[in-house]
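Chain by chain, the residues run as shown.
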Amino acid sequence: MTKVSASRNTEVGTSYIEASGSGLLVLHLVQGILVRVLRRDDPGDGGVWRCQDWSMSRDLRLRATFDSVAAFYQDARPDYPDELYSDLLATTGVTPPAHLLEVGCGPGKATLPLARMGFRISAVELGGALAAEARHRLAEFADVSVVTSSFEGWEPPTGVRFDLVYAATAWKWVDPEVKYAKAAALLTQGGHLAVWNADHPFPAGFDPFFTEIQQVYEEIGEGHGGPWPPPPPEDQPDPIAAEFEASGHFTVVGSKLYVWAVRYTADEYIALLDTFSGHIAMDPAKREPLYQEIRRRLAARSDGRLTRHWSAVLTVGRRRRAAVS
């Protein structure tokens, strides 16, 4: 397939135009953020353009907020369990020095463990400050590179394909119309896509602090918006597995839940909240009284700490064989 790429700068952003034998794709970015996707399946005169406007998407706005907390994101967020990485390698069969692609590496939270194992890693990160932080933390690894770009707008060097594409707490921020097809196209035959998130589960016996603080969230108009408490993590479905299958590009070969707990002081917990997109974007008139109430309630505890649970579901899919035309 022959592809032609071009770009055009305008007063309000940059348009990237890609043409191939199967159609045209125009990505319009403002300050490096994808805001509009135009597609035409048939590049001929009879082709019809389809437009997906992301400029009004709350998710789009929120995915750019993390760059503002690049300096302390790495220390505030917990490490993923060692068992998750062991299962990732066992399920995919990848071994060093296989070439991996990480989508949305942030400051390198999930890059460092795999780099230390000896993998070659190409990492793509939307935020300039986060990418710079990742480069600093990964400087000792000659086979690891970090590119500042959205995944949607990035292309590897000609002919480069990867044994594993993975995303840690980043996949939800990628255009659903692009991500599965693009990941499949970047993989070697039989390669894998692995996705996991860091979520807040509520297992049996979770800290009652979170029930108590819900009243404050409700008062400031930032309530949970669903039944409380949410179902325990073992009763939650794996929506990513369903997405993998529905995409038509991947067959799910593994899905596993991990749950762990971390103790936090008030300062540590507020530092953590400051790395969450919803809290970063929250009106200070709401955020400040919320944080004051968190400090007040934890100060009333004998040890001044809370226990927050974390969960991650590792979903692994194998690239399906391309149909023979």
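Residues numbered from 1 in each chain as written. Predicted model: local features only at pLDDT ≥ 70, side-chain atom pairs only at ≥ 80, totals over all residues. Heavy atoms only, no water.

Draft legend 1. Up close: the environment of R287. Position of R287 among the secondary structure elements: in helix α11 (residues 284-299). Taking the C-alpha atoms as reference points, R287 and I220, 67 residues apart in sequence, are found 8.6 Å from one another. The contact partners of R287, leaving out residues within four places of it in the chain, are D274, H279, I280 and M282. Here the side chain of R287 touches I280 through a polar contact of 3.4 Å, landing on its backbone oxygen. (Helix = DSSP H or I, 4+ residues; strand = E, 2+ residues; numbered from the N terminus. Contact = heavy atoms within 4.5 Å. Polar contact = N/O pair within 3.5 Å; in protein donor to acceptor, adjacent residues only side chain to side chain.)

Draft legend 2. Looking closely at the environment of W173. Considering the arrangement of structural elements, one finds W173 in the loop between β9 (162-168) and α6 (179-186). Considering only alpha carbons, one finds W173 and F151, 22 residues apart in sequence, at a separation of 9.9 Å.

Draft legend 3. A look at the pairing of strand β12 (residues 305-319). Across the 15 residues of β12, twelve count as buried, placing the element largely inside the fold. The pairing of strand β10 (residues 187-196) with β12 spans four bridges and is antiparallel. In the sheet register, A194 faces β12, and the bridge partner there is V316. As paired strands, strand β11 (residues 250-265) and β12 are joined by 15 bridges and run antiparallel to one another. By the bridge assignment, V252 is partnered in β12 with G317. (Buried < 20%, exposed > 50% of the residue type's maximum accessible area, 1.4 Å probe, protein only. Pairing = 2+ DSSP bridges.)

Draft legend 4. Molecular detail of the nonpolar core. Within the largest apolar cluster, 54 residues are counted, with the highest numbers of intra-cluster contacts made by Y166, W196, Y269, L290 and I294. Listed in part, the 21 residues of the second largest apolar core include A170, Y180, L186 and L193. (Core = buried A, V, L, I, M, F, W, Y, C linked by side-chain atoms within 4.5 Å.)

Draft legend 5. Layout of helix α8 (residues 239-247). Regarding α8, the residues found buried are I240, A241 and F244. Burial along α8 is one-sided: seen end-on, the buried residues are contained in an arc of 105°. The outward face of α8, more than 90 degrees from its buried face, is lined by the exposed residues P239 and A246. In this structure, the buried residues of α8 make contact with α6, β10, β11 and β12. The opening residue of α8, the one whose side-chain oxygen lies 3.2 Å from the backbone nitrogen of I240, is D238. (Arc of directions from axis to C-beta.)

Draft legend 6. Highlighting the sheet that holds strand β6 (residues 99-103). Pairing within the open sheet is mixed, and its seven strands lie in the order β8-β7-β6-β9-β10-β12-β11. Two strands lie at the open edges of the sheet, namely β8 (144-148) and β11, each paired on one side alone. Between one strand axis and the next, the sheet turns through 15° on average, direction left out of account. Helix-sheet contacts for helix α5 (residues 128-137) involve β7 (120-125) and β8, and the interaxial angle to β8 is about 170°. Across the sheet, helix α9 (residues 266-273) is in contact with β11 and β12; its angle to β11 comes to roughly 145°. (Axes fitted to C-alpha atoms, helices over the stretch in contact; angles between N-to-C directions.)

Draft legend 7. Main features of the side chain of S311. Note that S311 resides in strand β12. Residues within four places of S311 in sequence aside, it is in contact with N197, A198, D199, P201, L257, Y258, V259 and W260.

Draft legend 8. Quick look at unusual backbone geometry. Along the chain, P96 connects to P97 via a cis peptide bond; the corresponding omega equals 5°. Secondary-structure assignment places P97 in the loop between α3 (82-92) and β6. Here the bond from W228 into P229 is cis, since omega is -5°, no more than 30 degrees from zero. Looking at the element boundaries, P229 is found in the loop between α7 (209-219) and α8. One non-glycine residue, T169, lies in the positive phi region at around 55°.

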